[in-house]
Amino acid sequence: MEQFILLNVLEIPTDDWVAITFFIGYMAMFASAVFFFVERGNVSQKWKTSLLVSGLITGIAAVHYYYMKDYYLATGENPTALRYIDWTLTVPLMCVEFYLLTKPFGAKGSTLFKLILASIGMLITGFIGETTGVDSNIFWGVLSTIFYLYIVYEVFAGDVAKLTQNSNSEGLKQAMFLMKIFITAGWAIYPIGYMILPGNLLSGVFETSQIDLFYNIADAVNKIGFGLVVYYVATKETAKEKAAA
Ligand SMILES: *C/C=C(C)/C=C/C=C(C)/C=C/C1=C(C)CCCC1(C)C
């Protein structure tokens, strides 16, 4: 009698960019997490937590991508819940990165608290918009965007910006310049993906499943990019400390 072993192999169609980017996203997040964890050993003491957080952000994303890829391949549907669980963990951690970068220059816990609160508000309203349907997703999308704009404000003109201006660290100034680009250009990819939802501004322009193409590209750019900016400042400042010692 023949024996069958049920292998859980889900093939990736070569013409399905949502599936392909789920897979590439998974590998890229995984590799980045390894990189940040290992490089943590090469920076000075005060930068180790920052690199740890970069490794956690990409590591948490890698695990979610593993599951989202399978979910999408098995059902052909957007893994909305998994996506928002991922973001609920990783976006507040990105706020922690901002805090850690500016902490040596006097950042207060209350700034971190405000950023985390705004990011949670942005994600809860976004999730409600993605799951409650055609009639209300524009309304929830607008609410979510208000929270997003508040984060942009904090980084460009609020506490984070003031601390950066008042610091005399060239490294921090460069990092914040790059972070601003990520927050405006990189994070703006998400609301564009959201607008593909049925009933929203771009529905019909793209297929609904392509929301995840936008989210996958944005995640890779932002999570890995943020981490690399932190890595860049950390190695630069470490070299400076070594030269001064
Ligand atoms: C690693 C994950 C990141 C950086 C996720 C960021 C997500 C956003 C900036 C999402 C923003 C949204 C809006 C501004 C309006 C529409 C709903 C969202 C949640 C897609």
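Residues numbered from 1 in each chain as written. Predicted model: local features only at pLDDT ≥ 70, side-chain atom pairs only at ≥ 80, totals over all residues. Heavy atoms only, no water.

### Quick word on the site of the ligand
Move 1: Every one of the 18 residues lining the ligand counts as a neighbour, but Trp-87, Met-122, Ser-144, Tyr-190 and Lys-223 are closest to it.
Move 2: Alone, the ligand offers 520 Å² of accessible surface; in the complex the protein occludes 100% of this.
Move 3: Of all elements in the fold, only helix 3 (80–102), helix 4 (109–132), helix 5 (137–156), helix 8 (189–194) and helix 9 (211–244) reach the threshold of two or more residues within the shell around the ligand.
Move 4: Here the element with the most residues in the shell around the ligand is helix 3; it accounts for 5 residues.
Move 5: The residue makeup of the shell around the ligand, split by class, is 11 nonpolar, 5 polar and 2 charged. (Near = heavy atom within 4 Å. Areas by Shrake-Rupley, 256 points an atom, 1.4 Å probe, with all protein chains shown as cover. Helix = DSSP H or I, 4+ residues; strand = E, 2+ residues; numbered from the N terminus. Nonpolar A, V, L, I, M, F, W, Y, C, P; charged D, E, K, R; others polar.)

### Some details on the pattern of salt bridges
Move 1: Counted according to the given criterion, the structure contains 8 salt bridges.
Move 2: Here Glu-154 and Lys-114 are joined by a salt bridge, their closest N and O atoms 3.8 Å apart. In this pair, Glu-154 is assigned in helix 5 and Lys-114 in helix 4, connecting sequence segments 40 residues apart.
Move 3: Residue Glu-154 is classed as buried on the basis of its relative accessible area, which comes to 2%.
Move 4: You can call Lys-114 partly exposed: its relative accessible area is 32%.
Move 5: The shortest N-O distance in the salt bridge between Lys-114 and Asp-159 comes to 3.2 Å. Of the two residues, Lys-114 sits in helix 4 while Asp-159 sits in helix 6 (residues 159–166), which places them 45 residues apart along the sequence.
Move 6: Because the salt bridges share partners, they merge into one network encompassing Arg-83, Asp-212, Asp-219 and Lys-223. (Salt bridge = Lys/Arg side-chain N within 4 Å of Asp/Glu carboxyl O. Buried < 20%, exposed > 50% of the residue type's maximum accessible area, 1.4 Å probe, protein only.)

### Some thoughts on a nonpolar patch on the surface
Move 1: A surface patch of nonpolar side chains, about 450 Å² in accessible area, is lined by Phe-23, Met-27, Phe-30, Val-34 and Val-38.
Move 2: Within the fold, Val-38 resides in helix 1 (residues 17–39). (Patch = residues over 30% accessible without salt bridge, like charges linked within 9 Å, V, L, I, M, F, W, Y side chains within 5 Å.)

### Re the packing of aromatic side chains
Move 1: Summed over all chains, the structure comprises 18 aromatic pairs.
Move 2: Aromatic side chains Tyr-150 and Tyr-153 sit 6.3 Å apart centroid to centroid with 35° between the ring planes, which places their arrangement in the tilted category. Of this pair, Tyr-150 and Tyr-153 are both found in helix 5, 3 residues apart, which corresponds to roughly one turn of the helix.
Move 3: When the ring of Trp-187 is compared with that of Phe-226, the centres are 6.4 Å apart and the planes differ by 25°; the resulting orientation is stacked. Placement of Trp-187 in the loop between helix 7 (170–186) and helix 8 and of Phe-226 in helix 9 is noted, with a sequence separation of 39 residues between them. (Phe/Tyr/Trp six-rings, centres within 6.5 Å; stacked < 30°, edge-to-face > 60°.)

### Here's the deal with the packing of helix 2 (residues 48–75) against helix 9
Move 1: At a minimum axis distance of 8 Å, the contact between helix 2 and helix 9 shows a crossing angle of 160°. Relative to helix 9, helix 2 is oriented roughly antiparallel. Judged by the twist between their axes, the crossing of helix 2 over helix 9 is left-handed. Seen from helix 2, the contacting residues are Ser-50, Leu-51, Ser-54, Ile-57, Thr-58, Ala-61 and Tyr-65; seen from helix 9, they are Tyr-215, Asn-216, Asp-219, Lys-223, Ile-224, Gly-227, Val-230 and Tyr-231. (Axes fitted to C-alpha atoms, helices over the stretch in contact; angles between N-to-C directions. Parallel < 35°, antiparallel > 145°, perpendicular 65-115°, else oblique. Left-handed = near helix turned anticlockwise from the far one by under 90°. Contact = heavy atoms within 4.5 Å.)

Worth remembering: the numbers are spatial, not functional.
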